[in-house]
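Each chain, letter by letter, is given below.
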Amino acid sequence: MFSDIGVLEVLTLVVLAMLIFGPDKLPKLIQDVTGFIRKIREFSDNAKHDIRSELGPEFKDFEFEDLNPKTFIRKHLNESDDLRELKELGSSFDLTKEINEISGTVHDTDSDASVPAAVNGGSGTPDLLKKRDQPVKDERPPFDADAT
């Protein structure tokens, strides 16, 4: 609960408590606070026990920590075969491969009539830096980002 409190913060709280309550009242205050925390924990444990007894024997494995959505999902995914199926599905789907295939298809259909024979090492992409001898009829000039 208070795992992010350091030594310096605890020391500061102790000094403040000594200044506010004084050294004679501080031990009694600590006893009262610890007794109050004990009563709250006991009340919480009794409430959990009452809820479990009212739910019946079919909910004997019920844990209140399972009501947290993260732990609920993690528990049910780990217990079932769905997690294995999700991992297999994720490993079989390669997004970059799919994008490359789609872009290759798009470039192939566009490039059939408009791309000249000058191609970058046979990779299927036109070399935009190389000058062409003759422009192809009805071809738009290549887009130049530096010219705009």
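Residue numbering note: each chain is counted from 1, following its sequence as written. In keeping with the model being predicted, local features are shown solely for residues with a pLDDT of at least 70 and side-chain atom pairs are shown and tallied solely at 80 or more, while totals for entire chains, interfaces and linings include all residues. Side-chain figures throughout are based on the complete set of non-hydrogen atoms in the structure, without hydrogens or water.

Student: Can you walk me through the overall build of the chain in this structure?
Tutor: Tallying secondary structure elements over the chain gives 5 helices and 0 strands in all. Where helices and strands are cited, they refer to DSSP runs of H or I of at least four residues and of E of at least two residues respectively, numbered from the N terminus. When the helices and strands of the chain are placed in sequence order, the string is α-α-α-α-α. Counting the 148 residues in the chain, one finds 5% classified as buried. Per-residue and other accessible areas were derived by the Shrake-Rupley procedure at a 1.4 Å probe size, with only the shown protein chains allowed to occlude residues. For the chain, the exposed area adds up to about 13700 Å²; of that, 61% sits on carbon and sulfur atoms. Categorising residues by exposure relies on relative accessible area from a 1.4 Å probe, with only protein chains included: less than 20% of the type maximum marks a residue as buried, more than 50% marks it as exposed, and the intermediate range marks it as partly exposed.

Student: Would you mind showing me how to read helix α2 (residues 26-55) here?
Tutor: Residue count minus one, scaled by 1.5 Å, sets the expected span of a helix. An ideal rise of 1.5 Å per residue puts 44 Å on 30 residues; α2 measures up with 44 Å between its terminal C-alpha atoms. Just downstream of α2 lies Gly56, where phi reads positive at about 100°.

Student: Is there a simple way to think about the pattern of salt bridges in this case?
Tutor: Oppositely charged side chains can pair when the atoms bearing their charge come close. The working definition used for a salt bridge is a side-chain nitrogen of Lys or Arg within 4 Å of a carboxyl oxygen of Asp or Glu. Considering all chains together, one arrives at 1 salt bridge under this definition. Among the ionic pairs, Lys28 bridges to Asp32, the shortest N-O distance being 3.3 Å. Separated by 4 residues within a single helix, Lys28 and Asp32 lie in helix α2, roughly one turn from each other.

Student: Is there a simple way to explain helix α1 (residues 7-21) in this structure?
Tutor: Every α-helix winds through 3.6 residues per turn, so residues three or four apart in the chain are directed the same way. Compared with the 21 Å implied by 1.5 Å per residue over 15 residues, the 21 Å span of α1 between its first and last C-alpha is a close match. Just downstream of α1, Gly22 is the residue with a positive phi angle, here 85°.

Student: In this structure, what is going on with the confidence of the model for the chain? I would like to understand it.
Tutor: Low pLDDT marks regions whose predicted coordinates should not be analysed in detail. Confidence of the predictor at the level of single residues is captured by pLDDT, which takes values from 0 to 100. On average, residues of the chain score 76 in pLDDT, and 71% of them are at 70 or above. Here helix α4 (residues 82-92) is the element of the chain with the lowest mean pLDDT, 68, and α2 is the one with the highest, 91. Low confidence marks residues 111-120, where pLDDT is under 50. Its contacts with residues over four positions away, or in another chain, come to 12 contacts. The contact criterion used is simple: two residues touch if any of their non-hydrogen atoms lie within 4.5 Å.

Student: Just checking my understanding: could you explain the environment of Ser103 for this structure?
Tutor: Along the polypeptide, Ser103 turns up in helix α5 (residues 95-114). Contacts described as polar in this section are N or O atom pairs within 3.5 Å, which, within protein, must combine one atom able to donate a hydrogen with one able to accept it, while residues neighboring in sequence count only if both atoms come from side chains. Engagement of the side chain of Ser103 in a polar contact is seen with the backbone oxygen of Asn100, the distance being 3.1 Å.

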